[in-house]
Structure formats: C-alpha cells, structure tokens
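# Architecture and fold: a report
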Amino acid sequence: MTYKIAVLPGDGVGPEVVAQAVKVLRWAEKATGHRIILTEYDAGGAAIDRSGTYLPEKTLSGCIESDCVLFGSVGGPKWDMLPGGQRPEQAVLKLRKELKLYANLRPARLYPEMAGSSPLRQEIVENGFDLLIVRELTGGIYFGEKGSEQTAEGVRAYDVEQYSEAEIRRIARVAFEAAVGRRGTLTSVDKANVLETSRLFRRIVDCVAEEYPQIAVKHMYVDNAAMQLVRNPGQFDVILTSNLFGDILSDEASVLTGSIGMLPSASMGGSAFGLYEPIHGSAPDIAGQDAANPLGSILSAAMLLRFSLSMDEAAEAVEEAVRQVLALGWRTADMMQPGADRIGTQEMGEQVIRALNKMIRRTVSRP
Ligand code: IPM
Ligand code: MG
C-alpha cells in the first residue's frame, strides 16, 4: 500500500516536534514495507508570513487529498495583534470544521515511571491512571454565533454555545464505542445545573446509553469533574464532553501525566481519515532551542498509524518504545525529576527510534 500524509508543522515548537514524529513514520514505513509519502504544507503564522493567510487553499486541498494529516502547533506573540478571525489558531479550527472532524480523542495515561513528574502526591498517582477524553470538536461555543458591538455600557461581546441533538448523538456514540473497547465506564461531563445545552447533552447521552447496556454511565458537572481529576484521576475511564469543557479538562489531565508535552490527540470524523496533533500549543518561549518534548507528537503519530493506516502493531511498538525510553530515565526539560537524564528534542526522538530498532531486532531473531 501507498499512503499519503499531509504534514503541517506550523509555528513555535511545532516544526521541531513534528520532525521527531516524522522519524517514527519513516521507521513504520521500513518496519511494515508500506510506502508513506509525506508532503509538507504551511499553516498558521508561518502561512500568514508567507502567503498572507493562516490556511492557504493549497494546504486545505493537500489535506483533503491525503489519507490523514500530521499537525504540529500554531500561534505565537508575533501574530497576537491580529483580529480574532485572522489569528493563526484559526488554521486548526478551520481544518477541523472543513474536514468534519467532530470527534477529538485525547488519551491521558500516567506511566508509573512518570509518577515522580506528576504534580499530584505520590499516593494519588502511584498506580498510574489511564483515561480517554472524547471531546466534541466542531460545535458548541467555538463555532456558535460570535461578535461584539457598541452599547451604552461600552463594548459588549458574545459567543453562543449551541448543540443539536444530531451533534450530541454522534459524539456520544464515539465515546460509548470507545468505552466498549476499554474498561466499560463513561463519565459524561456537563453543566446541566445551569446550561440549556448541557441539559440537552445529558438527555441525548441517556438515550444513546440505552444502546449500550454494558456501559456504566455517570453524569458529572464540569466544576466537580475538574476537582475529581486532581483528587482521584484513577476513577475515570472515558470522559465524554463538549468542545470547550474538553479543551479545558484535557490541559488539566495532561499535566497530571507529568507534562503537557506528553499528550497526543486524534481528530476523527467517522472514517479512517484523521488529523493528529499533540494537545500542547506552540510554546514560543522555548521554540528553536531543542528543548520541547516531542513525545506528544510521537504518540500522535502512533494514533495516526493505528486509526488511519491500520498499522496496529507498529502503533503499539511506538507506544511501547516511549514507555521504555521513559523507564530508562530519559527526560526533556518539562518532565525533569531527580536522578533523570535531561536530553533535547532531537535526542528524545533518537532514543525512541533506538528502542524501536531494538524491538524489531528482537522480534526478527526470535526462534
Ligand atoms: C487545543 C487548542 C486549540 C483549541 C486552540 C489552539 C485553538 O487549545 O487543541 O486544545 O482550543 O481547541
Ligand atoms: Mg487546548
């Protein structure tokens, strides 16, 4: 098979971390014998500088013609003065919307060897945790009507939160299906004590739940969920939530794993096509210093291999390689802990490749 991947490195640390994920894709190409054609496209601030727009037509059509998209990160102080609708962040929002990627999967797993890097107390995280945030990605307040106007009290700005039954039903199904393949429990997070959209969310989730009698469903208010995540993250399996709540809770969950730099994500739309990106931003303060953690991007490449290229074994190997590299004590600056060895972005990528190559040799030489 030949696969086509659109690579959008973007801004800040994006190009540095994506370069390490690309090494992993090249490894997968060799390991599986399939061909992977990577084509780079501009997005975000880099695209604004080069062609005056955050998502050039060529980038969008390149993504549409590919089997999937590997995305870095966008944004930075250089473009902060642009009006909201022209900011680099619009690149990823428009891609999600145009490519109809309504389901965002954000797995947060604390490897026991990383427990020392988690800001949580040892007794809370000593057994690790493994949860999956299923975030609605093309609706809600991100895409509702927005604007600002002059009033007698000065400027008034608004963003409308809105959800339809159909939007809720399809994201709920994704979450229930994920729960079937995991530990069978689903926590639906909303603010149904205040918001009308949340009351609809809760009602539709309950309807979909009837199709999945084997799944234990719990509803939780978002303020409580934010608190429960730090009190006992081990209680969660699948978390289903709206666009805005998912954005916030995934940053919180990520740092509990030891560093925001570790978390991958997959944005899907009901087919094998997907967009894969670390959940972290462009981190302009450390860009170009070989200091960023590439593991979020590398683990995103693992999700890409699994969901878009059906290379399950290669995906598992990449995840196992990351585990081994962490167990060996290699850390980038964001996850340093006493006794660990600090390395840069490129070296972390190299360590993952080294672990992968060792694994292959072992598999090949097994009698
Ligand atoms: C994320 C990011 C984006 C979001 C930004 C860059 C628009 O924070 O993927 O979590 O809010 O969805
Ligand atoms: Mg975010």
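Residues numbered from 1 in each chain as written. Chains lettered and ligands numbered in written order. Predicted model: local features only at pLDDT ≥ 70, side-chain atom pairs only at ≥ 80, totals over all residues. Heavy atoms only, no water.

On to helix α7 (residues 196-209). Look at α7: 20 Å from first C-alpha to last across 14 residues, which is about the 20 Å you get at 1.5 Å a residue. Within α7, the full set of buried residues consists of T197, S198, L200, F201, I204, V205, V208 and A209. Packing partners of the buried residues in α7 comprise α6 (165-180), β8 (185-190), β9 (216-221), β10 (238-241) and α9 (243-256). (Helix = DSSP H or I, 4+ residues; strand = E, 2+ residues; numbered from the N terminus. Expected span 1.5 Å × (residues − 1). Buried < 20%, exposed > 50% of the residue type's maximum accessible area, 1.4 Å probe, protein only. Contact = heavy atoms within 4.5 Å.)

This part takes up the sheet that holds strand β5 (residues 129-136). Pairing is mixed across the open sheet formed by 10 strands, whose spatial order is β2-β1-β3-β12-β11-β4-β5-β10-β8-β9. Taken across any chain shown, the strands that pair with only one partner, and hence form the sheet edges, are β2 (35-40) and β9. Here the strands of the sheet are splayed against their neighbours by 20° on average, with no regard to which way each runs. Strand contacts of helix α1 (residues 14-32): β1 (2-10), β2 and β3 (68-73), with the helix running at about 150° to β3, the strand carrying the most contacts. The sheet contacts of helix α10 (residues 295-307) involve β1, β3, β4 (103-110), β11 (264-268) and β12 (274-278), and relative to β11 the element is tilted by about 35°. (Pairing = 2+ DSSP bridges. Axes fitted to C-alpha atoms, helices over the stretch in contact; angles between N-to-C directions.)

Regarding helix α4 (residues 90-98), the residues found buried are A91, V92, L93, L95 and R96. Looking at the buried side of α4, the elements it contacts are β1, α3 (57-64), β3, β4, β5 and β12.

At K100, a residue that is not glycine, the phi angle is positive and equals roughly 55°. The topology assignment puts K100 in the loop between α4 and β4. The class of K100 is exposed, set by a relative accessible area of 59%. Located in the positive-phi region is A283, a residue other than glycine, with phi close to 40°.

Turning next to the site of ligand 1. With respect to spatial proximity, the complete set of residues near ligand 1 consists of E89, L93, R96, R106, R135, Y142 and D247. Between Y142 and ligand 1, the recorded distance is 2.5 Å, taken from a side-chain N or O atom to an oxygen atom. Burial of ligand 1 by the protein chains amounts to 77% of its free accessible area of 320 Å². The residue makeup of the shell around ligand 1, split by class, is 2 nonpolar, no polar and 5 charged. Both domains that meet at the shell around ligand 1, namely domain 1 (1-118 + 259-367) and domain 2 (120-256), each give it at least three residues. (Near = heavy atom within 4 Å. Polar contact = N/O pair within 3.5 Å; in protein donor to acceptor, adjacent residues only side chain to side chain. Areas by Shrake-Rupley, 256 points an atom, 1.4 Å probe, with all protein chains shown as cover. Nonpolar A, V, L, I, M, F, W, Y, C, P; charged D, E, K, R; others polar. Domains from an automatic or database assignment.)

Turning our attention to the domain arrangement of the protein. By a widely used convention, the size of an interface equals the accessible area lost when the partners come together. Along its sequence, the protein is carved into domain 1 (1-118 + 259-367) and domain 2 (120-256). Summarising the inter-unit geometry, the C-alpha centres of domain 1 and domain 2 are found 24 Å apart. The partner domain 2 presents 26 residues to the 21 residues of domain 1 that form the contact. A buried area of about 2300 Å², summed over both sides, lies between domain 1 and domain 2, and 59% of it is on carbon and sulfur atoms. Its largest share of buried area at the contact with domain 2, domain 1 owes to Y102, R106 and L110, together 29% of the area lost on that side. Our count for the contact surface shared by domain 1 and domain 2 stands at 1 salt bridge. Note that D130 is salt-bridged to R109, the shortest N-O span being 3.8 Å. Applying the counting rule to domain 1 against domain 2 returns 9 residue pairs in polar contact (both at pLDDT 80 or more). Those elements that place two or more of their residues in the side of domain 1 that touches domain 2 are α4 and β4. (Buried area = accessible area lost by both parts, 1.4 Å probe. Salt bridge = Lys/Arg side-chain N within 4 Å of Asp/Glu carboxyl O.)

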